[in-house]
Amino acid sequence: MVPAHLPISQTDPAVLRFAPSPNGALHLGHALSVFENAAMAERLGGRLLLRIEDIDPTRCRPEFEAALLDDLAWLGIAFETPARRQSEHLATYRQALDRLDAMGLVFASFESRGELKALAAARAAETGRDWPTDPDGAPLYAGRGAGLSPAERAGQVASGRPFALRLRMTEALRRLGRPLAWTEVDAAGADPRLVAADPSRWGDVVLGRKETPTSYHLSVVVDDALQGVSHVVRGQDLFEATAVHRLLQELLGLPQPLYRHHRLVLGADGRKLSKSEAATGLASLREAGATADDIRRLVGFGR
Ligand code: GLU
């Protein structure tokens with residue numbers, strides 16, 4: 001069951017989490033996130049949890065999970081055990097998705113990725129204006145799923161076609177009826193400042209798929225609440241996603257944690273590191289003779 005409300009009072013011990021996806025090798029960027037989480041947990045006298053975000057069976061593999069556990073042990077950061085593995089909690093996410101569906105906030109879309117790209121291009125040609133993209137650069141949903149009748153939806157599902165379950169963004173915002181924000185804190189968990197959240201920039205975000213009754217956005221929000229996470233410390237690349245998370249928290253009646261989005265470690269080309277780049281992978285650096293303290297220094301977290 002997803003609790004309707006898990007109040008996080010200021011006197012509760014802080015709860016932080018590092019939430020990697022086992023779909024590749026951890027790199028220096030992950031190390032920075034681990035150090036940021038551990039440092040804040042230590043400052044606040046809080047708990048540090050590990051969550052394995054493995055809902056995508058096509059990309060996540062047990063050997064990546066084993067390797068990331070080795071990497072974390074090598075970095076010398078202790079997490080509470082057992083780690084929560086998202087693939088073991090799909091029924092919980094499905095409940096949250098069903099609740100949103102019962103509120104009339106979910107529709108099914110049956111277009112392929114290629115079809116959606118073509119639809120966005122067609123809409124742009126029609127209007128003479130670029131079709132909007134989300135903060136990650138993907139075109140906003142331009143398909144006709146939101147307009148399907150319940151019978152059409154059921155028929156398509158019964159036909160066995162793949163589908164995505166999406167949030168009716170406009171409807172969700174109307175239902176909420178008030179502006180959204182989140183509280184961003186500094187590295188010490190102090191100096192709170194309010195950040196306005198605009199989830200509409202993401203359009204009708206995916207909340208689940210035919211084979212998986214959840215998405216990154218939905219499971220992260222459900223788990224942060226279930227695990228009583230008080231401080232979400234993660235990279236700047238997830239800053240914009242927080243707007244969606246705040247909206248889902250409000251719709252599901254979940255508490256809002258504080259957030260800190262830390263700087264990213266950039267590669268020599270100035271871009272965000274990738275899990276497929278061996279040179280900045282923690283295991284490769286370890287094999288090349290680096291120590292955990294070297295890693296701290298490399299990411300500017302030296303002591
Ligand atoms: N699993 C996500 C990732 O590896 C991080 C989720 C989060 O910290 O909210 O990028």
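The preceding data block contains the structure.
Here's a quick rundown of the structure. The numbers attached to residues start from 1 for each chain and follow its sequence in the written order. The model is predicted, so local features are restricted to residues of pLDDT at least 70 and side-chain atom pairs to those at 80 or more, both for listing and for counting; the totals for chains, interfaces and linings are taken over all residues. Side-chain measures here rest on the full set of heavy atoms in the structure, leaving out hydrogens and waters.

1. So, the packing of helix α3 (residues 90-102) against helix α8 (residues 241-252)
We count it as follows: Only the contacting stretch of a helix is used when fitting its axis, a line to C-alpha atoms as for every element, and angles between N-to-C directions run 0 to 180 degrees. The way it works is that DSSP assigns letters per residue, a run of H or I at least four long becomes a helix, a run of E at least two long becomes a strand, and they are numbered from the N terminus. Relative orientations are named as follows: roughly parallel for angles under 35 degrees, roughly antiparallel for angles over 145 degrees, roughly perpendicular for angles from 65 to 115 degrees, and oblique for any other angle. Note on contacts: a residue pair is in contact if any heavy atoms of the two residues lie within 4.5 Å. Under the grouping applied here, Gly and all other residues not named as nonpolar or charged are polar, the nonpolar ones being Ala, Val, Leu, Ile, Met, Phe, Trp, Tyr, Cys and Pro and the charged ones Asp, Glu, Lys and Arg.
Relative to each other, α3 and α8 sit at 75°, their axes nearing to 11 Å. Regarding the angle of α3 to α8, the classification is roughly perpendicular. Facing A96, R99 and L100 of α3, the residues of α8 in contact are L248, L251 and L252. Looking at side-chain class alone, the contact of α3 with α8 contains five nonpolar, no polar and one charged residues.

2. Observations regarding the site of the ligand
What counts here: Near, as used in this document, describes a residue that has one of its heavy atoms within 4 Å of the molecule or strand being considered. Distance and chemistry together define a polar contact, namely a pair of N or O atoms within 3.5 Å, with one atom able to donate a hydrogen and the other to accept it when in protein, and with adjacent residues in sequence counting only for side-chain atoms on both sides. To measure how exposed things are, a 1.4 Å probe is used in the Shrake-Rupley method; for residues, cover is taken only from the protein chains shown.
Taken together, R17, A19, P20, S21, E53, Y216, V220, R234 and L238 form the complete shell of residues around the ligand. Separating an oxygen atom of the ligand from a side-chain N or O atom of Y216 is a distance of 3.0 Å. In this structure, R234 approaches the ligand through a side-chain N or O atom, which is 2.8 Å from an oxygen atom. Coverage of the ligand by the protein amounts to 80% of the 300 Å² it exposes when considered alone.

3. Some points on the sheet that holds strand β4 (residues 106-109)
Paired through backbone hydrogen bonds, the strands of a sheet run either parallel or antiparallel to each other. Using the following cut-off: At least two bridges found by DSSP between two strands is the condition for calling them paired.
An order of β4-β5-β8 is seen for the three strands of this open sheet, with the pairing classed as antiparallel. Of all the strands in the sheet, just β4 and β8 (206-209) have a single pairing partner and so form its edges. On average, each strand axis in the sheet is tilted by 30° relative to the strand beside it, whichever way the strands run. Taken together, the four bridges between β4 and strand β5 (residues 164-167) define a ladder with antiparallel strand orientation. Looking at β5, one finds that F107 is bridged to R166.

4. Describing the environment of Q249
Let me state the cut-off plainly: Think of it in three bands: residues with accessible area under 20% of the maximum for their type are buried, residues over 50% are exposed, and the middle band is partly exposed, with areas taken using a 1.4 Å probe on protein chains only.
The residue Q249 is located in helix α8 in this model. Classification of Q249 by relative accessible area gives buried; the value is 1%. Each C-alpha atom, one on Q249 and one on F35, is 27 Å from the other, the two residues being 214 residues apart in sequence. For Q249, the side chain forms a polar contact with the side chain of R246, separated by 2.9 Å.

5. A few points about the pattern of salt bridges
What counts here: One speaks of a salt bridge when a side-chain nitrogen belonging to Lys or Arg is within 4 Å of a carboxyl oxygen belonging to Asp or Glu.
Going through the model one piece at a time under the given rule, you end up with 18 salt bridges. The salt bridge involving E250 is made with R246; its shortest N-O contact spans 2.9 Å. Within this pair, E250 and its partner R246 are both found in helix α8, separated by four residues, close to a single helical turn. The class for E250 is partly exposed, based on a relative accessible area of 26%. Three or more residues joined by partner-sharing salt bridges are found here, namely R17, R51, E53, R84, D223 and D224.

6. Brief notes about unusual backbone geometry
Each neighbour pair has its own omega, and for T81 with P82 the value is -5°, a cis peptide bond. Residues other than glycine seldom take positive phi values, yet D191 does so here, at roughly 55°. Relative to the helices and strands, D191 resides in the loop between β6 (180-184) and β7 (193-197). On the accessibility criterion, D191 (57% relative accessible area) is exposed.

7. A word on the packing of aromatic side chains
As a reminder, the rule being used: For this analysis, a ring pair means two rings from Phe, Tyr or Trp (six-membered ring only for Trp) whose centres lie within 6.5 Å, classed as stacked if their planes differ by under 30 degrees, edge-to-face if by over 60, and tilted for the remaining angles. The criterion for a charge sitting over a ring is simple: Lys NZ or Arg CZ within 6 Å of the ring centre, and within 35 degrees of the ring normal.
Evaluation of the coordinates by the stated rule reveals six aromatic pairs. These aromatic residues form a ring-pair network of at least three members: W182, F239 and Y259. The ring of W74 carries the charged tip of R286 above its face, separated from the ring centre by 5.1 Å. Sitting over the ring of F35, R296 keeps its end group 4.2 Å from the ring centre.

8. Things to note about the packing of helix α7 (residues 216-226) against α8
Let me state the cut-off plainly: Handedness of a helix crossing follows the sense of rotation of the near helix relative to the far helix, less than a right angle counterclockwise being left-handed and clockwise being right-handed.
Look at α7 against α8: their axes get within 9 Å of each other, and the N-to-C directions meet at 60°. By the angle between their axes, α7 is oblique relative to α8. Pair α7 / α8 crosses with right-handed handedness. The segment α7 lies against α8, with Y216, H217, L218, V220 and V221 engaging A241, V244, H245, L248, Q249 and L252.

9. Comments concerning the pairing of β6
Counted residue by residue, β6 has four buried out of five residues, so it is predominantly covered. Two strands pair when backbone bridges link them, and β6 and β7 are joined in this way by five bridges, in the antiparallel orientation. When the bridges of β7 are listed, A181 appears paired with A196.

10. Some details on helix α1 (residues 28-44)
Worth spelling out the cut-off: What a helix should span is 1.5 Å times the count of its residues minus one.
Compared with the 24 Å implied by 1.5 Å per residue over 17 residues, the 24 Å span of α1 between its first and last C-alpha is a close match. A large share of α1 lies buried, amounting to 14 of its 17 residues.

11. Some details on helix α2 (residues 62-75)
Each α-helix turn comprises 3.6 residues. Residues three or four places apart therefore point the same way. This is how it is decided: Throughout, the arc means that of the directions going from the helix axis to the C-beta atoms.
In this model α2 runs 20 Å from its N-terminal to its C-terminal C-alpha over 14 residues, within 8% of the 20 Å that 1.5 Å per residue would give. For α2, every residue scored as buried is listed here: E65, L68, D71, L72 and L75. Along the axis of α2, the buried positions cluster into a sector of 120°, meaning they face one direction only. Residues of α2 that are exposed and point over 90 degrees away from its buried face: P62 and A73. Against the buried residues of α2 lie β1 (15-18), α1, β2 (47-52), β3 (84-85), α9 (282-287) and α10 (292-298).

So yeah, pure geometry; function would need other evidence.
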